[in-house]
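Breakdown of the fold
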Amino acid sequence: MNKRLINILVPLISIVLGLIIGAIVMAASGFNPIDGYAALWNGIFMDSYTLGETVRQITPYVFSGLAVAFAFRTGLFNIGVEGQLIMGWLAAAYVGQAFELPAIIHLPLALIAAAVAGALWAFIPGLLKAKLQVHEVIVTIMLNYTALHVANALIDVISGGGERTEKIHATASLRSEFFQSITDYSRLHWGFVLALIAVMVMWFILEKTTRGYELKAVGFNKHASQYAGMNVSKNIILAMVISGAFAGLGGAMEALGTFENMTKLHASTGIGFDGIAVALLGANQPFGVLLGAILFGSLKYGGLNMPSEAGVPTEIVSIVIALIIFFVASGYVIRLALERLSKRKEVK
Amino acid sequence: MSFLEVLYFIIPSAIFYAAPLIMTAIGGVFTERSGVVNIGLEGIMIVGAASSIIFNLTFADQFGDATPWIGLIVAMLFGILLSAILAVAAVSLRADQTVSGVALNMLGLAGAVFTVKMIYDKGQTDSITERFSRFDIPLLSDIPVIGKMFFVDVYATSILAVAVAIIAWFIITKTPFGLRLRAVGEHPMAADTMGVNVTKMRYMAVLISGALGGIGGAIYAQAIAGNFGASTISGQGFMAIAAMIFGKWHPIGALGAALFFGFAQALSVVGSSIPYIKDVPDVFLHILPYVLTILALAGFIGKANAPKASGVPYIKGKR
């Protein structure tokens, strides 16, 4: 068995194992796992409306997955995607409702605002890591909670004491009547095209540019990179900022497409944390992230159908996702088993 | 309210909020000293909180006053169970420790909310009736000024937390077990060569952290929150990890840092009833614990303090 095949098999086997244990958990809690997974399947594929909503759900997952993966590839662990996404969401929602501009300027402006907001929020841990060697994991986690409270306070200010910002102007919206007409009025919007472009952009930056090469080199070995004349702190900060920009754009998908405003959040959106799972399953490769986002976005949206159709709490989906991460992270064992298996075949 | 009255008010609540952090931070000291990073402490605290609350609600009639204490033990067992997953993944299966810790957090939260929904058909439990009670420590509480600050209306859990920190200090610095633990975290190959079982030491350290994290969550739930929902534990586990780092991986340092973060948390909750502070917009009080954590990490720690092998799986025969 060659290495490439094993690299593909490990995530696939992890997914299957995750689903099997999910089924065991359901059975142990007194549910019928087949009903549960049927409800999940229907929640993803039932009709054109659910399909449209599933794609809609996948879109921000692509961005959060790219954000985590980009940081991973450059040797950083950005758990702060959640907070950066919230800041991006708020910035896009604000620009969308505060200005009146022609669509050709308004929409890009709102997207840029989101990217900048996410990038700035990620700049803080990047700077602390580069200049003071503070580990980015704790800082980004703390910034997630900070973002939540700050965003809620700002929504308060923007809306004059209300619970949500005003609806964005049509000129900043990503929604399209065409998509609504073919998906039975789902909230499917143009964002998925932007997500595909973002996948290409990340691939291009990392694989085809000198800057991308430097970013990866610093992630691999700081000291060697410095010896080779690269500016280590600049590259660490830049990696964090680009990662944060992806996360901010993920927030823009919610602001300009899904909700067209921002409501005060009582807890994290979860999109940022699931981004870690997406990136890991996709082996931190841009196209892998796309596949990971399709899987986890579908599971998350389909899972919402489980309580009503099968009575299973929707948290089972998060349990399955967490298990899949465990299995992918422990890929060493699966790899070992596969190698043993293939060797035995060769002997025969 | 005079300055002294403010102190009488804020110091007991700081200690009150610090107790769960102290417990969990000490757990963090154990695993990190053995070379395993446990980001999953947040998830462990969540499971500890949920299991203690469920136990408390179910058995309050039978056990009466003892219920919260037995709840602590239940939470400890569930904490150990959850941390065992991390131990297997990170020690035996060589998984990335941070990634599996993050997965543990997801699993802990989803599992706890799933169970609560299964049992109560809603995402949030009712409030418990049997909470930890407060008492005055005899003699000590009669000392002027200090007595009223530290020894009046004390929770037994706070005393337990401080005791655990001191015991942990003794175990880690004064016993053969502690020496081996530190050796495994600094240079596992050298320890292995000297006949220390690296895998076993790391397993024990992770399980100890699970036990203490579970207890920490249970203290938070049964003394502070009083019920369990998805947002009952919001970052306390991470704060405990920060306290451990801030305390330079030393039990007494972690104790001090946890008290500091407890103070920040207390201020964000009771600040609205203290003169001057109540004029500050809420949002600043809400973000205070998190921002202080970041500032503490940025401002006060040197670089070379982490146990050397922390975060690195030990693979026999690999140089």
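Residues numbered from 1 in each chain as written. Chains lettered and ligands numbered in written order. Predicted model: local features only at pLDDT ≥ 70, side-chain atom pairs only at ≥ 80, totals over all residues. Heavy atoms only, no water.

- Chain B goes by ABC transporter permease in an unreviewed UniProt entry, where it is assigned to Ureibacillus endophyticus.
- Here is the UniProt Subcellular location (unreviewed entry) comment for chain B, exactly as written: "Cell membrane". (UniProt positions renumbered as here; feature names shortened; annotations may be inferred.)

- Under an unreviewed UniProt entry, chain A has the name ABC transporter permease and belongs to Ureibacillus endophyticus.
- Of the comments in the UniProt record for chain A, the one headed Subcellular location (unreviewed entry) reads "Cell membrane".

**Some remarks on the UniProt feature "transmembrane region" (unreviewed entry) in chain A**
All names here are of chain A.
- The UniProt entry lists residues 12–34, 54–72, 103–124, 188–206, 236–259, 271–296 and 316–338 under the feature "transmembrane region" (unreviewed entry), expressed in the numbering used here.
- Taken end to end, residues 271–296 is 85% helix and 0% strand, and its first and last C-alpha atoms sit 10 Å apart.
- The straight-line gap between the two end C-alpha atoms of residues 316–338 is 29 Å; of that span, 96% is helix and 0% is strand. (Helix = DSSP H or I, 4+ residues; strand = E, 2+ residues; numbered from the N terminus.)

**A few points about the nonpolar core**
- Counting residues in hydrophobic clusters, the biggest one holds 196 residues, and the most contacted among them are F246(A), L256(A), M262(A), F296(A) and I26(B).
- Ignoring sequence-local partners within four residues, the contact set of I26(B) consists of V164(B), A165(B), A168(B), L212(B), P251(B) and A254(B).
- Of all hydrophobic cores here, the second largest spans 8 residues; its members include Y8(B), I11(B), M149(B) and V270(B). (Core = buried A, V, L, I, M, F, W, Y, C linked by side-chain atoms within 4.5 Å. Buried < 20%, exposed > 50% of the residue type's maximum accessible area, 1.4 Å probe, protein only. Contact = heavy atoms within 4.5 Å.)

**Concerning the UniProt feature "transmembrane region" (unreviewed entry) in chain B**
Residue and element names in this part refer to chain B.
- UniProt's feature table lists "transmembrane region" (unreviewed entry) at residues 6–29, 36–57, 69–90, 102–120, 149–172, 203–222 and 283–301, given in the numbering used throughout.
- Along residues 36–57 one finds 77% helix and 0% strand; the C-alpha atoms at either end are 35 Å apart.
- The annotated region residues 203–222 carries 100% helix and 0% strand content, and the separation between its end C-alpha atoms amounts to 28 Å.

**Some points on the interface of chain A and chain B**
- In this complex, chain A contributes 40 residues to the contact, which on the side of chain B involves 39 residues.
- In total, chain A and chain B occlude about 3,400 Å² of area from one another, counting both sides; carbon and sulfur atoms represent 85% of this.
- Taken together, chain A and chain B are joined by 1 salt bridge.
- Between E315(A) and K117(B) there is a salt bridge; the shortest N-O distance is 3.1 Å.
- Counting every contact that joins chain A to chain B gives 2 residue pairs in polar contact (both at pLDDT 80 or more).
- Among the elements of the structure, α5 (103–132), α6 (136–158), α12 (271–281), α15 (315–329) and α16 (331–347) of chain A are those that each provide at least two residues to the side of chain A that touches chain B.
- In terms of residue count, the dominant contributor to the side of chain A that touches chain B is α6(A) (11 residues).
- Grouping the amino acids of the side of chain A that touches chain B by side-chain chemistry returns 31 nonpolar, 7 polar and 2 charged. (Buried area = accessible area lost by both parts, 1.4 Å probe. Salt bridge = Lys/Arg side-chain N within 4 Å of Asp/Glu carboxyl O. Polar contact = N/O pair within 3.5 Å; in protein donor to acceptor, adjacent residues only side chain to side chain. Nonpolar A, V, L, I, M, F, W, Y, C, P; charged D, E, K, R; others polar.)

**Some remarks on the environment of V95(A)**
Residues and elements named next belong to chain A.
- Position of V95 relative to the elements: it lies in helix α4 (residues 81–98).
- Overall, the relative accessible area of 8% leaves V95 in the buried class.
- Taking the C-alpha atoms as reference points, V95 and G250, 155 residues apart in sequence, are found 16 Å from one another.
- Once residues lying within four places of it in the same chain are set aside, the contact partners of V95 are H106, L109, A110 and A113.

**What about the confidence of the model for chain B?**
- Averaged over chain B, the pLDDT score is 88; the fraction of residues at 70 or greater is 97%.
- The element-level mean pLDDT for chain B is lowest in helix α5 (residues 146–150) of chain B, coming to 75, with helix α9 (residues 198–225) of chain B highest at 94. (pLDDT = per-residue confidence, 0-100.)

**Comments concerning the packing of helix α9 (residues 210–220) of chain A against helix α11 (residues 232–258) of chain A**
All names here are of chain A.
- Look at α9 against α11: their axes get within 9 Å of each other, and the N-to-C directions meet at 105°. Here α11 runs roughly perpendicular to α9, going by the angle between their axes. In this structure, α9 uses R211, E214, L215 and V218 to contact α11, whose residues at the interface are V232, K234, N235, I236, L238, A239 and I242.
- The residue inventory of the contact of α9 with α11, partitioned by class, reads 7 nonpolar, 1 polar and 3 charged. (Axes fitted to C-alpha atoms, helices over the stretch in contact; angles between N-to-C directions. Parallel < 35°, antiparallel > 145°, perpendicular 65-115°, else oblique.)

**Some remarks on a nonpolar patch on the surface**
- Together, L4(B), L140(B), I143(B), V145(B), I146(B) and F150(B) give the surface a local cluster of nonpolar side chains, amounting to about 460 Å² of exposed area.
- Tracing the backbone through its elements, the reader meets F150(B) in helix α5. (Patch = residues over 30% accessible without salt bridge, like charges linked within 9 Å, V, L, I, M, F, W, Y side chains within 5 Å. Areas by Shrake-Rupley, 256 points an atom, 1.4 Å probe, with all protein chains shown as cover.)

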